[in-house]
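Take a look at the letters that make up each chain.
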Protein chains: 2
Amino acid sequence: MDLMWLTPAAAVIALLFVGFTARRVLKYSPGSAKMAEISGAISRGAAAYLKRQYSVVAVFFILMFVVLGIMAFAGYLTYYVPFAFVTGGFFSGLSGFIGMKIATAANARTANAAREGLNRGLRVAFSAGAVMGFTVVGLGLLDLSIWYYLLRYAFRLPIEEVTGAMLTFGMGASSMALFARVGGGIFTKAADVGADLVGKVEAGIPEDDPRNPAVIADNVGDNVGDVAGMGADLYESYVGSIISASALGVAAFANIDAVDGIRAVTIPMAMAALGVLFSILGTFLVRTGEKTDQKTLLGALRRGTYFSAIAIAVAAFPLVWFMLGKEYMGIYGAVISGLIAGVLIGACTEYFTSDSYKPTKRLAGSSQTGAGTLVISGLSLGMLSTFAPILIIAVSVLVSFFLSGGAHNSDLGLYGIAISAVGMLSTLGITLATDAYGPVADNAGGIAEMAGLDPEVRRRTDALDSLGNTTAATGKGFAIGSAALTALALIASYRDKVVSLAGDASILDLSIMNPRVLVGLFIGACLPFVFAALTMDSVGKAAQSIVVEVRRQFREIKGLMEGKAKPDYERCVGLCTSSALRQMILPTVIAVASPVATGLLLGVSGVCGMLGGATVSGFLLAVFMANAGGAWDNAKKHIEGGAYGGKGSDAHKAAVVGDTVGDPLKDTSGPSINILIKLLSMVSIVFAAVVVQYHLL
Amino acid sequence: MDLMWLTPAAAVIALLFVGFTARRVLKYSPGSAKMAEISGAISRGAAAYLKRQYSVVAVFFILMFVVLGIMAFAGYLTYYVPFAFVTGGFFSGLSGFIGMKIATAANARTANAAREGLNRGLRVAFSAGAVMGFTVVGLGLLDLSIWYYLLRYAFRLPIEEVTGAMLTFGMGASSMALFARVGGGIFTKAADVGADLVGKVEAGIPEDDPRNPAVIADNVGDNVGDVAGMGADLYESYVGSIISASALGVAAFANIDAVDGIRAVTIPMAMAALGVLFSILGTFLVRTGEKTDQKTLLGALRRGTYFSAIAIAVAAFPLVWFMLGKEYMGIYGAVISGLIAGVLIGACTEYFTSDSYKPTKRLAGSSQTGAGTLVISGLSLGMLSTFAPILIIAVSVLVSFFLSGGAHNSDLGLYGIAISAVGMLSTLGITLATDAYGPVADNAGGIAEMAGLDPEVRRRTDALDSLGNTTAATGKGFAIGSAALTALALIASYRDKVVSLAGDASILDLSIMNPRVLVGLFIGACLPFVFAALTMDSVGKAAQSIVVEVRRQFREIKGLMEGKAKPDYERCVGLCTSSALRQMILPTVIAVASPVATGLLLGVSGVCGMLGGATVSGFLLAVFMANAGGAWDNAKKHIEGGAYGGKGSDAHKAAVVGDTVGDPLKDTSGPSINILIKLLSMVSIVFAAVVVQYHLL
C-alpha cells in the first residue's frame, strides 16, 4: 500500500486552505482611513525590508550555487544538489513572505474587528496566523513531494539516493532561515529597544505613541522578525525533521529484507501529511465567547492544538502498523514520546516564564532591590530552567532509541529519534497558527493606540497579545525540542553519509577520547556562544543608532512632542533595515564556514564532535535565553499590572532594564541558535565528500 | 636515577619559606590602635566563618567517610580510600585556613606600610600572597609525598595501584574546595552586593565607609572568598593535575618495557617540585620603585612569574630526557604547550577585561544608553571572549596529544594532555602569590578608609588593588585552562579505571552516537548551568537579607548616619555566614550525586559522556562569567576614573548595575565551575566499581 500520495495531497489541501482563509481575512474591513494608513506604512516598511533582505540573500545563494556547482562539476556532489539548495531557500523565503503579507494585511483588520468584540478579533488574528502556519507546512510538503517524485520517477534513482539528495536541499532552507531569523531578529529588537529606551524611559511617552519616530519601525519589526523570520525558521525545522527521518529510515532498513526502505520514508512523510489534515480540522475548534480572561482564551486555542495532537497520536498507530508491521511497533512509541516531549517542554517554558507561576513572580519581586538583582535573578532563572527540558529530551532520546530497537540495531534507534522529532512537529500547522497570531494582535494593539481607538479596543487586543506571549512560549518549546532531536538525527545522517562515501566505517572514530572528537566538541560548543554574542551585539549597535536618531528627531522636529508635527518614521525603518542587513552577514558566514574549516583541519570525526558540541550547548543556550527573556518580559508586565508599585515605580524601572536585556536574548539570539545547530549539520553533509578526501589530522 | 625525593624536599622547602615569609610579614607594625581594631574585627569574623564552615563540612566528610567505608567493606574500594579522601579534604581546608590567617594579619600591616611608600606596601601584600601560594603548593606536595611513600614502601603496592589510590584522595580535596569556593563566594558577594546596594546606591555613602553596617562583612568576605576559597580551589587543581598525570603515565607506559612506570610518575611530581623552587626564586624579583603607574607595578610582578615560567621550561627538558629518553621528548613539547596556553589564556582574559583595551572601553561606552544596553553588551563580550580560550585549549590539546605520540598510542597522547596541565600549574606558587595579594591590598584600602588615614595611603592601596584585578584575571585564566585540561585527563583516568575494573574494554562504547553517551553529554552540559543558577540565586537571596538588615540599622540606630553611633557589624557578618553555609549545601550535593545517579542509570559510557559535556560547557560558562564580570567591574572603574561623566553620572549608575550583575558571576559561580568539573570526575572514579556492577541501561 503506497501512501506517499498523501503528501502532495496534503500540500495541495493546505495551500487551498491558505487561499480560502486569506480571502476570508481580506474580506474584513481594515477600519478607518487612519488605520488603513498606519497599516499601509507598516506593510510598506516590511515589504521594503524583505525586498532588500532577499536581494542580499540572493547574492549569497548565487555564490553558494556557484560553489556547489563547481563541487558538482568536480565530482564531489551530484549535479542536482545546487538546484535543490536553491529551491530549499526559495520556499523557505516564500513562506516568510506570504506570512508577512497576510500579517500586515490583518493587523488593522484585527484592530477593527476587536471594536465589535473579542471573539471577532481573535478570529481575524488567528486566521492570519493560520495562513502563515499552513503556508509553511503546505510549501514544505510541496517541496518534498516535488523532489521525491522528480528524483524517484523522472531520474529513477534508488530510494537511498533520493533521500540523500533531499537532505542537501535542507541546507538551502536552513541558510535562508538563518538569514531571516538573524536579520529579522536584529531589526525587530533594535527597533523595540531603541523605541523603548528613548520613548518610554527618556521622554516618558507610552508604548506605541505616534509621536515616537521609531514606532512604525517597531511594528514593522514584529512582522519581519516574529512573522517572516519565524516562518522561514519553522519551514526549515519541519522539512529538516522529515528528510532526516527519511534518510535514517532508509539506512536503518537497508539490511532488513522484510521491510522496503520506501515504507520507512513513507512514515514521516505520511505522518506529516496527516498532521496537516488534523491541524486544519483543529483550527475550526478555535473560537471564544466575550469573556476576556486568559484562561478562556487559552482554552479556545488549546482545544484546537490538543485535538490535532491526539488525532495524530491515534492515526500514527495504524500508519506504523501497516507500513512496518507488528515487529517494529516500538517506532510508534517514538512518535508518542516526541509528541509528549513537545508538550512537556512547552509546559516547562510556560512554568518558567508565565507570571501565573512562582519563578516569574519571584523574579518580579527581585526588582525591589534594583536592576542589578533583577538581572542576576533572571540569569539564574534562565539557567535553572534548562534542567527540565534537558531531562525531557534525554528521556525522549532514550525512549525513542530503545523502543525502536536501538539496543540491537542502533540505526533503528536513530531512526526512532528522528521520528520522534517528526511526531513533535506533525501538528506544526496549528501550533504555528497559535504562535503567529501573537504578532498580529500585537500590531493590532499598536494600530488601535496610534489611531486613537476606544481604550476598550486596546484592552481587547492586549488580552489577545498577552495570550500570544504564552502560546509563543509553547511554540518556542516545540522549536527548541525539535531542533535538538533533528540535529541529533542529522549527525547520524552525516555519519551514514561519510561511511557511504568512504566505503567503510574505519574512517570514523567517534569516541569522545579521540582528541579530534574532543576538540570538535569544544569548538562546536563554543559556536552558539560566539553566535549569540555577535547577534546580541548587533542588536545593541543597531538599537544605539535608533536611539541617536530618535533623540535627534525629538530635538530637531519642532512641535513633535505636542503632536503638531509628524516624525520621520521612514528614516527609522531605513536605519533598522540597513543595520539588520549589514549585521546578519557575519554570523551566517561563520555558520557556513565553521563545519568546513573544522572538517579540513580535524577530519570527519572532528566534525561529528563539533556537531555534537554545538547541539548540546546550543540547546542549553537557546532554552536559557528564551526563558530568561520571556520571564523578564512577563515580570515587567506583572509589575505593570500593579505589583510592587506598578508603572513608574522604581521596581518598574528595574523591570524595564530586565526586559531590555531579555529582548535580544529571546527574540534574536536564542531562536537563531535553533537554526544554527541544524545548518551546521546540513553544511557538513554537503561538504562531506571534500572533507573525507582532504583533512589535516 | 630516582628523582622522586625532589617532591618531599620541595614540600619542606616551600613550607619553610612560608614560615620565614610569614614571620617577616608579622614583624611589620599593624599601625594605629584603630587599624588593629578594624583588622581584628575582620580577622575574628573570618575565623568565625571558617570555623562554622568547617563544622558543616565535617558533617559531610563524616557521612562520606562512612559511605566510603561501607563501600570498602563491601569490596568496591580499597580500605585506604576513605582515609585518603579525608586527608585530601583536610589539607585543602588547611591551605585555605593558613591563607586566610596571614591575609587578615597582613591587611592592616599593608595599609600601614603603604603610609611609608608604595614599594613597602607591595612587599607586605605580596609576601602575604606568597605565604598563601606556597602553603598551597607545599601542602599539596607534602600530601602527595606522604601517600606515595606510604603506599609504595609501607604497603608495598605496585605503582599502578599507588597512582590509582592517590586519584581518590583528589575527591576529598575537590569536595572541600567546592564547599570553600561556593560558601566563601556566596559570603563575599552577598556582603559586597548588599553593602553597595544600600550604602552606595541608596544612602549615597562611599565604599568602605565605617557607617555602613555591612562594611566589615564585605572585608571578611574578601578573606573567606577570595583567599580561603581560592586557596582550597587551587590546592585541588594542583594536586588533581599531578595525580591524574601520574595515573595516566603509568597506564601509558604499562606495555612499554623500555620505560618503568615510576619514571612516568616522576615527571609530573619532579616538575611540580622544580616549579616550587623556581617560584621561590621568582618571588625575590618582585620589587618596585615609587612610581605608581600600573605598568611599573605589573612589570615588577611579571618579572617574577616570567622568570619562574622560563626556568621551568628550561629545566623540564633534561628532566624528560633523563626520565624517558630521546624517543619520548615529544612529551616535553606538551609541557611547553601547557605553559604557553596558560600565558595566552591569561593574556586573552586581560584583553577582554582590562580597560586598557577596546572591549572594556566599548563596554563602558554602552553605559551611556543605560543599564539595559550595558548588560547586553557585557553578556555579549563574555560570550565572545570564549572563542580564543577555546581555540587555545583546542590547539594545546592537539599539540600535546600528537607530540606525545598519541597518533600511535592514544594513552601516551592522553598522558601528554595531563602533563600540559601540570606544566601550566608548575609555577602555581608564584602565580598564586600575585593573585592572592589582591584581596590583601583590597582589605588594606578598606582599613585605610575606615581608620581615616591620609588619602595618599588610599591612593597607594588603590594602585595595588587595581593591579590585583589584572593579576586575578591572569590567575583565572590559569585556573580555567588547567581545570579543562585536568578534567580531560581525569576522564581518561576514569576510562582506564573502568577498563581495569571490568577486565576488558568492551563495557565502554564511547561513540557520541551511542545514546547513553549522547544523553550523558546533554546532562553533563546542563550541570554547570544548574550549578551556576543555584549559586547566583544564593548570592541574590543572601544579598537581599543583607539589604534588609542594613536598611533596618540605618533606620533604627539613632545617630548612625552622623557618625555618632556605631553600627552592629557582627550581625551582618553573622547573616552572611548563616546564608552562605545554608546555601552551599545543595550545589555540592548535586555535584556529588549527579555522577552516581547518571552512572546507575546510563552506565559507564553515560558517565563518560556526562563528564565530557560538563567539561565543555563548564569551561565555556566559566570563561564567559569570569570575563563578563571582570569587564563590568573594570568598565565601572573606567567611568569612575572620569569617563562618560565619572562618578555619580547616569553612565556610572548603569555601570554599577553591570558590576552588581558581574559580581556573583565572576567571584562565585564562575570559579566554582572549575572545581565542579573535576569533582564530577573524581566522584565518578571513586564510585566506578559500583556503577560497573549496577546500571540500568
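Position labels on residues start from 1 in each chain and follow its written sequence. Each chain gets a letter, beginning with A, and each ligand a number, beginning with 1, in the order they are written. Two thresholds apply to this predicted model, a pLDDT of at least 70 for residue-level local features and 80 or more for giving and counting side-chain atom pairs, whereas whole-chain, interface and lining totals are computed over all residues. Derived side-chain values reflect all non-hydrogen atoms in the structure, with water molecules and hydrogen atoms excluded from consideration.

**Student:** Got a minute to help me understand the layout of surface pockets in this structure?
**Tutor:** Where empty space is left in the structure can be found by rolling a water-sized probe over the atoms. Residue and element names in this part refer to chain A. The computed volume of the second largest pocket comes to approximately 890 Å³. What lines the second largest pocket is a set of 37 residues, and nearest its centre among them are Glu160, Gly164, Asp496, Lys497 and Ser500. Comment: elements are numbered from the N terminus, with helices defined as DSSP H or I runs of at least four residues and strands as E runs of at least two. Of all the elements in the fold, those that place two or more residues in the lining of the second largest pocket are α5 (159–203), α6 (215–252), α15 (455–502), α19 (650–686) and α20 (688–693). With eight residues, the single largest contributor to the lining of the second largest pocket is α5. Each residue is assigned to one of three groups, with Ala, Val, Leu, Ile, Met, Phe, Trp, Tyr, Cys and Pro labelled nonpolar, Asp, Glu, Lys and Arg labelled charged, and all others, Gly among them, labelled polar. Its residues assigned to classes, the lining of the second largest pocket comprises 22 nonpolar, nine polar and six charged. A cavity here means a set of points on a 1 Å grid, drawn over the protein atoms and nothing else, where a 1.4 Å probe fits but cannot get out; a pocket is an open set with protein on both sides within 12 Å along at least five of seven lines, and a residue lines either one if it has an atom within 4 Å of a point. Grid points are joined across faces, edges and corners, and a volume is the space filled by probe spheres set on the points.

**Student:** Could you clarify how one ought to interpret the environment of A:Pro268 in this entry?
**Tutor:** All names here are of chain A. You can see Pro268 is positioned in helix α7 (residues 261–283). With 277 residues separating them in the primary sequence, Pro268 and Ser545 have C-alpha atoms 46 Å apart. Two residues qualify as a contact provided that any one of their heavy atoms is within 4.5 Å of a heavy atom in the partner residue. Once you skip the residues sitting within four places of it in the chain, Pro268 turns out to touch Ile242, Ala245, Ser246, Tyr415, Ile419 and Val422.

**Student:** Quick question: what am I supposed to make of the pattern of salt bridges here?
**Tutor:** Within this document, salt bridges are pairs made up of a side-chain nitrogen of Lys or Arg and a carboxyl oxygen of Asp or Glu, the two lying within 4 Å of each other. In total, this model carries 54 salt bridges over all chains according to the counting rule given. We note a salt bridge from B:Lys666 to B:Asp663, for which the minimum N-O separation is 2.9 Å. Of this pair, B:Lys666 and B:Asp663 both sit in helix α19 (residues 650–686), three residues apart, roughly one helical turn. Across the pair, B:Asp663 and B:Lys666 agree in class, each one buried. Across the salt bridge formed by B:Lys666 and B:Asp667, the nearest N and O atoms sit 3.1 Å from each other. Owing to a relative accessible area of 10%, B:Asp667 belongs among the buried residues under this scheme. The network of salt bridges with common partners includes A:Lys189, A:Asp192, A:Lys476, A:Asp633, A:Lys637, A:Asp663, A:Lys666 and A:Asp667. A 1.4 Å probe rolled over the protein chains alone gives each residue an accessible area, and that area as a share of the maximum for its type sets the label: buried under 20%, exposed over 50%, partly exposed in between.

**Student:** When you look at the environment of A:Ala47 in this model, what are you seeing that I'm missing?
**Tutor:** Residues and elements named next belong to chain A. Looking at the secondary structure, you find Ala47 in helix α2 (residues 33–73). Judged by its relative accessible area of 24%, Ala47 falls in the partly exposed class. Along the backbone, Ala47 and Tyr415 are 368 residues apart, and their C-alpha atoms lie at a distance of 41 Å. What Ala47 contacts, discounting residues up to four positions off in sequence, is Met100 and Lys101.

**Student:** What should I look at first to understand the interface of chain B and chain A in this one?
**Tutor:** When the parts of a complex come together, some accessible area is lost, and that lost area is often taken as the interface size. Listed by partner, the interface residues are 69 residues for chain B and 69 residues for chain A. Approximately 6,400 Å² of surface area, both sides summed, lies buried where chain B meets chain A, with 86% of it carried by carbon and sulfur atoms. Note on terms: buried area is the combined drop in 1.4 Å-probe accessible area of two parts once they are placed together, counting the loss on both. The largest share of the area that chain B buries against chain A comes from B:Met513, B:Phe522 and B:Phe529, three residues that together contribute 13% of it. Across the salt bridge formed by A:Asp537 and B:Arg362, the nearest N and O atoms sit 3.0 Å from each other. Those elements giving two or more residues to the side of chain B that touches chain A turn out to be α11 (371–384), α12 (387–403), α15 (455–502), α16 (515–556), α18 (585–640) and α19 of chain B. Of all the elements, α16(B) adds the most residues to the side of chain B that touches chain A, at 21 residues. Residue composition of the side of chain B that touches chain A, by class: 51 nonpolar, 12 polar and six charged.

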